[in-house]
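Survey of secondary and tertiary structure
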Amino acid sequence: MADPDAATAKMIANLEAATGRPLAQWVADARASGHAKHGQIVAWLKSDQGLGNGYANLVAHKTLASDAGSHAGEDLLTAMFEGPKAAMKPAYDKAAAFVASLGDVEFAPKKGYVSLRRNKQFALLQPSTKDRLDVGITLKGVEPEGRLEKAGSWNAMVTHRVSVGSAEEVDAELQAWLRRAWEAG
């Protein structure tokens, strides 16, 4: 089951595998850099240390918040799937697990949705009703067809939307669109 803690743990393991340096060392270096704000730390890690946006955000959050960001994210995610929308949690979990398997991804829970970012937001997962998870995807230049519809006024931060009614609908077709957006993002 994918959740923010699982995604964070995977990112931490991937960070060390990709860089040869554990998170604790990155945090120590970030603290020693003299940068005090999240954006400054992220910019420094990306420009001077060559980290991707997801890893830089992870290190910045751990440097400044001592995990406070991940707890806030957990609370937002829990609230998002309380009550009737709990029925959409399995579909969310399957989509989130697939996206996490792609690699460098930041899961950023908001009040009503989870933003999925690499260098920029490439998708979002939103439990809209008790029987619909909307998957917003940024696919510039792709014509909508079938399940892949224009996002229109639903959300200006993405170009397309796919409505999902169950975990089974997080299928190879949807995963291919998510992978394509991830690759571009």
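For every chain, the first residue of the written sequence is number 1, and numbering continues from 1 onward in sequence order. Owing to the predicted nature of the model, reporting of local features is limited to residues with pLDDT of at least 70; listing and counting of side-chain atom pairs is limited to 80 or more, with chain, interface and lining totals taken over all residues. To get the side-chain values, all heavy atoms of the structure are used, and hydrogens and water are removed first.

**Focus: the confidence of the model for the protein chain**
Detailed reading of the predicted model is not advised wherever pLDDT is low. For the protein chain, the average pLDDT comes to 87, and 92% of its residues sit at 70 or higher. Scored from 0 to 100, pLDDT reflects the predictor's confidence in each residue. Between two residues, a contact is recorded if the distance between any of their heavy atoms is within 4.5 Å. Here residues 66–71 is a poorly scored stretch, pLDDT under 50, and it has six contacts once near neighbours within four places are set aside; other chains count.

**A word on the nonpolar core**
Judged by nonpolar contacts, the single largest core of 34 residues is most densely connected at Y92, F107, V135, I137 and L174. Helix and strand labels come from DSSP, where a helix needs a run of H or I of at least four residues and a strand needs a run of E of at least two; each type is numbered from the N terminus. Going through the elements one at a time, α5 (68–80), α6 (89–101), β2 (114–117), β3 (121–129), β4 (132–137), β6 (160–164) and α7 (172–184) are the ones with two or more residues in this core. For this core, the leading source of residues is α6, giving seven residues. The next biggest cluster of nonpolar side chains, apart from the first, holds 16 residues, and it includes L15, L23, I41 and W44. In this text, buried Ala, Val, Leu, Ile, Met, Phe, Trp, Tyr and Cys residues form a nonpolar core when linked through side-chain atoms within 4.5 Å. Using a 1.4 Å probe on the protein chains alone, a residue whose accessible area is under 20% of its type maximum counts as buried, one over 50% counts as exposed, and one in between counts as partly exposed.

**Details of the packing of aromatic side chains**
The description of an aromatic ring pair uses the distance of the two centres, along with the angle that the planes make with each other. The aromatic pairing rule takes the rings of Phe, Tyr and Trp, using the six-membered ring of Trp, and pairs them if the centres are within 6.5 Å, calling planes under 30 degrees apart stacked, those over 60 edge-to-face and the rest tilted. Considering all chains together, one arrives at one aromatic pair under this definition. With centroids separated by 5.2 Å and ring planes inclined at 50°, the aromatic side chains of F81 and Y92 adopt a geometry described as tilted. You can see F81 sitting in the loop between α5 and α6 and its partner Y92 sitting in helix α6, a full eleven residues away along the chain. Take F81 and Y92: they sit in the same class, and that class is buried.

**What about helix α2 (residues 23–32)?**
Those residues of α2 that sit buried are L23, W26, V27 and A30. Buried positions in α2, seen along its axis, are confined to an arc of 100° and lie on one side of it. Exposed side chains of α2 directed beyond 90 degrees from the buried face belong to A24 and A32. At the exit of α2 stands G34, carrying a positive phi of roughly 90°. Starting at the helix axis, one direction is taken to each C-beta atom, and the arc is that of these directions.

**A look at the packing of α6 against α7**
The axes are straight lines fitted to the C-alpha atoms, using for helices just the contacting stretch, and the angles between their N-to-C directions are given from 0 to 180°. Running from amino to carboxyl end, α6 crosses α7 at an angle of 45°, the nearest separation of the two axes being 10 Å. For the element pair α6 / α7, the angle class is oblique. As for the relative orientation of α6 and α7, their crossing is right-handed in sense. Packed against α6, whose contacting residues are K94, F98 and V99, the element α7 presents Q175, L178 and R179 at the interface. Here the residues of the contact of α6 with α7 sort into three nonpolar, one polar and two charged. Angles below 35 degrees are treated as roughly parallel, those above 145 as roughly antiparallel, those between 65 and 115 as roughly perpendicular, and all remaining angles as oblique. The sense of a crossing depends on the near helix, which, turned anticlockwise from the far helix by less than a right angle, makes the crossing left-handed and, turned clockwise, makes it right-handed. All amino acids are sorted into three groups, where Ala, Val, Leu, Ile, Met, Phe, Trp, Tyr, Cys and Pro are nonpolar, Asp, Glu, Lys and Arg are charged, and the leftover types, Gly among them, are polar.

**A look at the side chain of S128**
Mapped onto the fold, S128 is located in strand β3. Look at S128 and you get buried, because its relative accessible area is 19%. Other than its neighbours up to four places away in sequence, S128 contacts K85, D134 and W154.

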